[in-house]
Amino acid sequence: MSKPHPYRFSFGPWNISEGADPYGPAVRLPKPFDWKLAQLRKLGFEAMMFHDDDIVPDIDNKSAPQVLREAGELRKKLDDAGVIAEIVAPRLWFSPQTIDGAYTSNDPKARKYAINRSLQTIDIAGAVGCDLIVLWFAREGTYLREAKDGRRSVELLVEAINTMLMHDRKIRIAIEPKPNEPMDHAYIPTIGHALALSNLTCDPKRVGGLIETAHCILAGLDPSDEMDFALSAGKLWSVHLNDQNGLKFDQDKPFGSANLRSAFNQVRVLERNQFGSRGECVAFDVHSFRSTKIEHAVDHLANSRKTFLRLVEKARTFDEGKAGELIADRNYQALDQMVIEHLLGS
Ligand code: XLS
Ligand code: MG
């Protein structure tokens, strides 16, 4: 019998998707929210991630009291299901107002919209009992480097974050870095940038990071090293585990799908640091392959969780003593093979 795991798992409604991509339409029918919530429980997940408009669809056309009423209704559904809201993120990249970016848009009206919408996201998070706001800076960057002033953009990001921190003193903000897509170059491409930005804000203790596997790979970096970096600062507040096959579009493959050894190393870092013991969740930001039939619409989530738990066992049974001896002897050749044999199993 294996030991009970301390991890709490999470995914977002967008992770059960319809398969549309830039080259073709949806290929599966949309599933209603209640169905997604029921699946989440059935698959052994404890938490759900949200964008503001996952909680309140068509948010820009609703009054503030209506938005909060609908958020309260969703909170009741979560409570009844015994599920917590892990994070809430403002979805700032869909609006016609944020074509040129949100907080760093060259248009002051767009910047104002982005900040107001983010403050509303914070109020929504309060209404669903969540204190962790995630910022993925989707369009904060450029298609061509001359289009924006890089230093000014950093100042604008700091101003926006400060306004959010002052709006509600209980919230924490986790920045989710990504180097590109939809932009050519994003302003906050790595966790190093995110934590440096945190230090420029008025309350760095409340600004940390969320690391997504695929985003690190797109930056040419090792996801487990990125996690260790954030953990050294006590600032890894969530993870979006998935996988990515090299430098191409953001694939959001099931965890471990492209590189099982890298997945093992990510789990090992989380295990070594007792990730989850401070209330953090393990989230899977994964998508079905477009070819997936509707009857398999949640298999990528079940499989990612299963792979994660298998790798927890691999991390716990890895012979650290033996590895230590090989390291002391600088016998990395044998260490390499030891990892391979361990992953292959007997
Ligand atoms: C996109 C991001 C997105 C965030 C949430 O690449 O991963 O899904 O996790 O806004
Ligand atoms: Mg993500």
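Residues numbered from 1 in each chain as written. Chains lettered and ligands numbered in written order. Predicted model: local features only at pLDDT ≥ 70, side-chain atom pairs only at ≥ 80, totals over all residues. Heavy atoms only, no water.

Asker: Talk me through the coordination of the magnesium ion (ligand 2); I want residue IDs and the actual numbers.
Answerer: Put simply, a metal with four donors set out as a tetrahedron has ideal angles of 109.5 degrees, and one with six donors set out as an octahedron has ideal angles of 90 or 180 degrees. Distances from the magnesium ion (ligand 2) to its protein donors, Glu176 (OE), Glu212 (OE), His240 (ND1) and Asp285 (OD), fall within 1.9 to 2.2 Å. Around the magnesium ion (ligand 2) sit 6 donor atoms; with metal-centred angles ranging over 80 to 168°, the donor geometry is octahedral. When the donor residues of the magnesium ion (ligand 2) are listed from N- to C-terminus, their spacing reads E-x35-E-x27-H-x44-D. Separated by 28 residues along the polypeptide, Glu212 in strand S8 (residues 207-212) and His240 in strand S9 (residues 236-241) bring together distant segments of the chain. (Donors = N, O, S within 2.8 Å, 3.2 Å for Na, K, Ca; no water. Tetrahedral: all angles 85-135°; square planar, octahedral: opposite > 155°, others 65-115°. Helix = DSSP H or I, 4+ residues; strand = E, 2+ residues; numbered from the N terminus.)

Asker: Please set out the pattern of salt bridges residue by residue, giving values where relevant.
Answerer: Counting across every chain of the model gives 22 salt bridges. Between Arg91 and Asp53 there is a salt bridge, and its shortest N-O distance comes to 2.8 Å. Of this pair, Arg91 sits in the loop between strand S3 (84-89) and helix H4 (108-127) while Asp53 sits in helix H2 (residues 52-55); the two residues are 38 residues apart in sequence, bridging distant segments of the chain. What makes Asp53 partly exposed here is its relative accessible area of 21%. Its salt-bridge partner being Arg278, residue Glu280 comes within 3.1 Å of it at the nearest N-O pair. If you follow the salt bridges from partner to partner, you end up with Asp52, Asp53, Asp54, Asp60, Arg91 and Arg117 in one network. (Salt bridge = Lys/Arg side-chain N within 4 Å of Asp/Glu carboxyl O. Buried < 20%, exposed > 50% of the residue type's maximum accessible area, 1.4 Å probe, protein only.)

Asker: Can you break down the side chain of Ser95 residue by residue, with the values?
Answerer: Within the element layout of this structure, Ser95 appears in the loop between S3 and H4. The class of Ser95 is buried, set by a relative accessible area of 7%. Reaching out from Ser95, the side chain makes a polar contact with the backbone nitrogen of Gln97 at a distance of 2.9 Å. Beyond its immediate sequence surroundings of up to four residues, Ser95 is in contact with Asp60 and Tyr113. (Polar contact = N/O pair within 3.5 Å; in protein donor to acceptor, adjacent residues only side chain to side chain. Contact = heavy atoms within 4.5 Å.)

Asker: Can you break down the layout of surface pockets residue by residue, with the values?
Answerer: Computed from the structure, the largest pocket encloses a volume of approximately 1700 Å³. Listed by contribution, the elements that provide at least two residues to the lining of the largest pocket are helix H1 (33-42), H2, helix H3 (64-81) and S3. The dominant element in the lining of the largest pocket, judged by the number of residues it contributes, is H3, at 4 residues. In this structure, the second largest pocket occupies an estimated 250 Å³ of space. Looking at the second largest pocket, it is lined by 18 residues, and the ones nearest its centre are Leu132, Arg172, Arg278, Gly279 and Glu280. (1 Å grid on protein atoms, 1.4 Å probe; cavity = no way out; pocket = protein on both sides within 12 Å on 5 of 7 lines; lining within 4 Å. Points joined across faces, edges and corners; volume = space filled by probe spheres on them.)

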